[in-house]
There are 2 protein chains.
Amino acid sequence: MKLRNGLGVMSTSRTGTASAPVRIQVSRTGRPALGARMKAKSLLPSQILPPRELPLDQVIVGDCVAAIEALPPGSVDLVFADPPYNLQLGGDLRRPDDSLVDAVDDDWDKFASFADYDAFTRAWLTACRRALKPDGALWVIGSYHNIFRVGSILQDLGFWMLNDIVWRKANPMPNFRGRRFTNAHETLIWAARGEASKYTFHYEALKGGNDDLQMRSDWYLPLCTGDERLKDEKGAKVHPTQKPESLLARVLLSASNPGDVVLDPFFGTGTTGAVAKALGRHFIGVEREEVYAKAARERIAAVQPLPPEAFATAPSKRSEPRVPFLSLVEAGLVKAGETVFDEKRRHSATIRADGTLVLGPAVGSIHKVGALAQGLPACNGWTFWHVEREGKAMLLDVLRGEIRTQMAAA
Amino acid sequence: MKLRNGLGVMSTSRTGTASAPVRIQVSRTGRPALGARMKAKSLLPSQILPPRELPLDQVIVGDCVAAIEALPPGSVDLVFADPPYNLQLGGDLRRPDDSLVDAVDDDWDKFASFADYDAFTRAWLTACRRALKPDGALWVIGSYHNIFRVGSILQDLGFWMLNDIVWRKANPMPNFRGRRFTNAHETLIWAARGEASKYTFHYEALKGGNDDLQMRSDWYLPLCTGDERLKDEKGAKVHPTQKPESLLARVLLSASNPGDVVLDPFFGTGTTGAVAKALGRHFIGVEREEVYAKAARERIAAVQPLPPEAFATAPSKRSEPRVPFLSLVEAGLVKAGETVFDEKRRHSATIRADGTLVLGPAVGSIHKVGALAQGLPACNGWTFWHVEREGKAMLLDVLRGEIRTQMAAA
DNA sequence: CTTAGTTGTGAATCCGGCT
DNA sequence: AAGCCGGATTCACAACTAA
């Protein structure tokens, strides 16, 4: 029993009726049916009748290029694609506690070269572009391993980029060896089928769900964990890269209408389908692995559609912004080279350009150096160190308050 | 008079002595000078002597590809590039009040096609790669208009991507038409010259300035505005896309050492040079437009370098001298025959006179025996084993610190 | 029942000097 | 040049256990 998911939907059961595997059966007339050529925007959802030959709300097991080429051209409103990232991982990676990181080492993520990956990318993007309605649009998600290839090819094929969106992960995996910045985000590209496409964008809906501020291109959302994450009978994750439903909800709410047909060429365990069903959109999922497709069908069967009025807002986690001391240096509120001191001026240290402090031979955070100065195991540097302002001592915490006010907009 | 900048540096004047335009004059022997081949890491900044033929701390006016090809190969530690964005703006963009948005429409930002832009990108990236030292690295900043082209070509040329970084703008320009998400970020790519490059990364410094949490790939920084933004006599901005100094400061602090040579092929109004000078790095700037170069020279002349202690590379654990455990025995800090134990006193072993440990039948280094005791493949003995001192457990790492202090004093 | 402490884990291109 | 081996390295959450 699933208690909640990224949409706040109560799903009462995981063991819904699983439909049989669906092999694609569509006409190959080359012309989209009437419904596919209608402009969804001008119709009420109840009037939208997708073409009969579309395999709606089903999971097609097989190669995505072949399956999508079998769809009528111009029949799909939106594509959401989460293709293999081509991670190119070397040996295994261990956490500092020596536990092994469960890496994505599946065969479907292996490509011999960039050229191979590019050919693969060009093939599925071309197929998707053919399947899209003239006013349709496409979303792709990726990481720095692949997203630049995808973005370039997409432009080459004539897609028109509308935004790149950054999914800032609330709880990313840290960089265990301290050799790089924490890889804390993934990138989504939102592109219209072409420059002239009258793409769908629900500006007001998203603005309303964002404290009446325009929705920005950086989205802060948690990973897919907990009850939302599909597990097998042994408790292992079914799919290594299951995306959070909150992410898909934002995509579908902003860039599709109820009744629209959403195609996902890399359906996996069906997050796109689950969210589409909840939000009153149709989906077509293509997935190569029967194991994932089966899990997706069972999952989607258990989803209860939401009433339309609930479609307007997507829940998003908001957190009190943490202010690094470095931000005070960058904002000019304190200066590199300046001296900080404690209340009774018994200790002092110098601010460095990187937001650390120096005290004699020691360099460290305001907290570490504060602890060192007092010979204590720990110290809150914000409430220990002061700077001189107009002849008086001003606590760093006060300056942090000023920054918080400035940052509140985001 | 400039009051503050992203580094918190007081710059007293804009009207410093502007050096004459510098046309490049370097030897073309094809071999970097001695200084260029030395490994900066093992030297103090004062010992680093960049090759004489490098046009250091100067602005070269001219085409960046030709200018960079004239540099000795393998002579540059870091590249920071802010290339033209290839913005494809249709007509004029107007705000809701009908005022005209001062968009990027200069001639240098027009490219006939993606192919032209790709060729241009390949040319300057190739030149930069040749100029870089084997262990050098490159940063590029861009938006969704160009960054996917740049990223793909960079990978094709053999650069090894380390991170993509998202600069989240604190105060982005709103999307006036409400047809897209507010474009609130730009993307930076950090890439090593090659997969095997031993790139520079000051992990501890960044972590120390960030509340002792490792720095993530999403950076929240304000735009370049106010006093930092260069204006001409009529109050108009000198350069359309001047980057904030705080952004460059993070890049240079994290990925370069004091004394390093930083090349900027699209110098503009010299943010890279200003920050490099403040932080004790050398710069080589190439700029095609004399008007930008002039503004950059004047700006940089007015920059006061920070005191060295404000930017000197902080000692990291990795760079500290190695201390053999035997030295602790020899110094009498631990005694042969003494017992060592882990934090929870679940394991113990005995110190031998040769600096090894005994645990039952096994003999080996503090690391090997620590690993054996826990049944793990590896273990850091310094942070695992303790000895009893004044009734309390004392970590071997603390005793190692005492040895290092003694060594530094001697 | 609450709370505090422990354990597990997530799309990751994750070491470097010396012999 | 390849191999050895010393030893440096993690954040946010959720779930579970213990008191």
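Along each chain, the written sequence defines residue order, and numbers are assigned to residues from 1. The lettering of chains begins at A and the numbering of ligands begins at 1, in the order of writing. With pLDDT at 70 or above as the cut-off, local features in this predicted model cover only qualifying residues; side-chain atom pairs require 80 or more to be listed or tallied, and sums for whole chains, interfaces and linings still use all residues. Excluding hydrogens and water, the side-chain values take into account all heavy atoms of the structure.

Taking an unreviewed UniProt entry as the reference, chain A is identified by name as Methyltransferase belonging to Bosea lupini. UniProt positions are given in the numbering used here, feature names are shortened, and annotations may be inferred rather than shown by experiment. Turning to chain A, the UniProt annotation filed under Catalytic activity (unreviewed entry) states: "a 2'-deoxyadenosine in DNA + S-adenosyl-L-methionine = an N(6)-methyl-2'-deoxyadenosine in DNA + S-adenosyl-L-homocysteine + H(+)". In its Sequence similarities (unreviewed entry) section, the UniProt record describing chain A reads: "Belongs to the N(4)/N(6)-methyltransferase family."

(A) Representation of the nonpolar core within the structure. Counting 71 residues, the largest nonpolar core has F325(A), W385(A) and W139(B) as its most contacted members. A run of DSSP states H or I qualifies as a helix once it reaches four residues; a run of E qualifies as a strand once it reaches two. Both are numbered from the N-terminal end. Counting residues per element, this core draws most heavily on helix α6 (residues 245-255) of chain B, at seven residues. What is meant by a nonpolar core is a set of buried Ala, Val, Leu, Ile, Met, Phe, Trp, Tyr and Cys residues, joined one to another through side-chain atoms within 4.5 Å. Relative accessibility under 20% of the residue-type maximum defines a buried residue, over 50% an exposed one, and the middle range a partly exposed one, all with a 1.4 Å probe and only protein chains included. Membership of the second largest hydrophobic core comes to 70 residues, among which are A67(A), I189(A), V286(A) and W124(B).

(B) Structural context of unusual backbone geometry. The phi torsion at E390(A) lies on the positive side, around 50 degrees, for a residue other than glycine. Looking at the element boundaries, E390(A) is found in the loop between β13 (386-389) and β14 (392-395). Within the chain, D212(B) stands out as a residue other than glycine whose phi angle is a positive 65 degrees. Of note, D212(B) is situated in the loop between α5 (203-208) and β6 (218-221).

(C) Up close: the sheet that holds strand β8 (residues 282-287) of chain B. Residues and elements named next belong to chain B. Note on pairing: DSSP must find at least two bridges between two strands before they are called paired. As summarised here, the arrangement of the eight strands in space is β1-β8-β7-β2-β3-β5-β4-β6, forming an open sheet in which the pairing is mixed. A single partner strand is all that each edge strand has here, and the edge strands are β1 (58-61) and β6. The sheet shows a mean angle of 20 degrees between the axes of neighbouring strands, taken without regard to direction. When β1 meets β8, the two strands line up parallel, connected through four bridges. Opposite V59, over in β8, you have G285 as the bridge partner. Strands in contact with helix α7 (residues 271-278) are β2 (76-81), β7 (261-264) and β8; relative to β8, the strand with the most contacts, it is inclined by about 170 degrees. Between the N-to-C directions of two axes lies an angle of 0 to 180 degrees, each axis being a line fitted to C-alpha atoms and, for a helix, fitted only over the stretch in contact. In this description, contact between two residues means that some pair of their heavy atoms is separated by no more than 4.5 Å.

(D) Spatial organisation of the packing of helix α7 (residues 271-278) of chain A against helix α8 (residues 290-301) of chain A. Residue and element names in this part refer to chain A. Where α7 contacts α8, the axes come no closer than 9 Å and their chain directions differ by 20 degrees. Relative to α8, α7 is oriented roughly parallel. Judged by the twist between their axes, the crossing of α7 over α8 is right-handed. In this structure, α7 contributes T271, G273, A274 and K277 to the contact, and α8 contributes R299, I300 and A301. Under the convention adopted here, Pro, Cys and the residues Ala, Val, Leu, Ile, Met, Phe, Trp and Tyr are nonpolar, Asp, Glu, Lys and Arg are charged, and Gly plus all remaining residues are polar. Here the contact of α7 with α8 is built from residues that sort into three nonpolar, two polar and two charged. Should an angle fall under 35 degrees it is taken as roughly parallel, and over 145 as roughly antiparallel, whereas 65 to 115 is taken as roughly perpendicular and any remaining angle as oblique. Crossings are sorted by hand: turned counterclockwise from the far helix by less than a right angle, the near helix makes the crossing left-handed, and turned clockwise it makes it right-handed.

(E) Structural detail: the interface of chain A and chain B. Opposite the 77 residues of chain A that make contact, chain B presents 78 residues. Together chain A and chain B conceal approximately 6900 Å² of surface at their shared face, both sides included; 50% is due to carbon and sulfur atoms. Definition used for salt bridges: Asp or Glu carboxyl oxygen within 4 Å of a side-chain nitrogen of Lys or Arg. Counting across the interface, chain A meets chain B through six salt bridges. For the salt bridge of R250(B) with E330(A), the shortest nitrogen-to-oxygen distance reads 2.6 Å. Whenever two N or O atoms come within 3.5 Å, that pair is a polar contact, provided that in protein one can donate a hydrogen and the other can accept it, and provided that, for residues adjacent in sequence, both atoms are side-chain atoms. Our count for the chain A to chain B interface comes out at 44 residue pairs in polar contact (both at pLDDT 80 or more). Counting only elements with at least two residues in the side of chain A that touches chain B, the list comes to α4 (147-156), β4 (160-169), β5 (185-192), α5 (203-208), β6 (218-221), α9 (325-330) and α10 (366-374) of chain A. Considering each element in turn, the side of chain A that touches chain B owes the most residues, nine residues, to β4(A). A per-class count over the side of chain A that touches chain B returns 38 nonpolar, 22 polar and 17 charged. Buried area: the accessible area, evaluated with a 1.4 Å probe, that two parts lose upon being put together, summed over both parts.

(F) Geometry of the protein's contact with DNA strand C. Residue and element names in this part refer to chain A. Here a residue counts as near a molecule or strand whenever at least one of its heavy atoms sits within 4 Å of it. Neighbouring DNA strand C are 38 residues, the closest being Q88, Y144, R177, R179 and K237. Each atom of DNA strand C within 4 Å of the protein was assigned to sugar, phosphate or base; sugar and phosphate come to 45%. When its residues are assigned to classes, the surface near DNA strand C shows 19 nonpolar, seven polar and twelve charged.

(G) Looking closely at the packing of helix α6 (residues 245-255) of chain A against α7(A). Residue and element names in this part refer to chain A. The interhelical angle for the contact between α6 and α7, taken along N-to-C directions, is 55 degrees, at an axis separation of 9 Å. Relative to α7, the element α6 is oriented oblique. In this structure, α6 meets α7 at a crossing whose hand is right-handed. Contacts between α6 and α7 involve E245, L248, A249 and L252 from the first element and T271, T272, A274, V275 and A276 from the second. Counted by class, the contact of α6 with α7 contains six nonpolar, two polar and one charged residues.

(H) The arrangement of the protein's contact with DNA strand D in detail. Residue and element names in this part refer to chain B. Every one of the 29 residues lining DNA strand D counts as a neighbour, but Y203, K207, Q214, H367 and R400 are closest to it. Of what DNA strand D places within 4 Å of the protein, 63% of the atoms are sugar or phosphate. The side chain of S365 places a nitrogen or oxygen atom 3.3 Å from a phosphate oxygen of DNA strand D. At a separation of 2.9 Å, a phosphate oxygen of DNA strand D approaches a polar side-chain atom of W382. Looking at the surface near DNA strand D element by element, the count peaks at three residues for α5. Looking at the surface near DNA strand D, its residues break down into eleven nonpolar, eight polar and ten charged.

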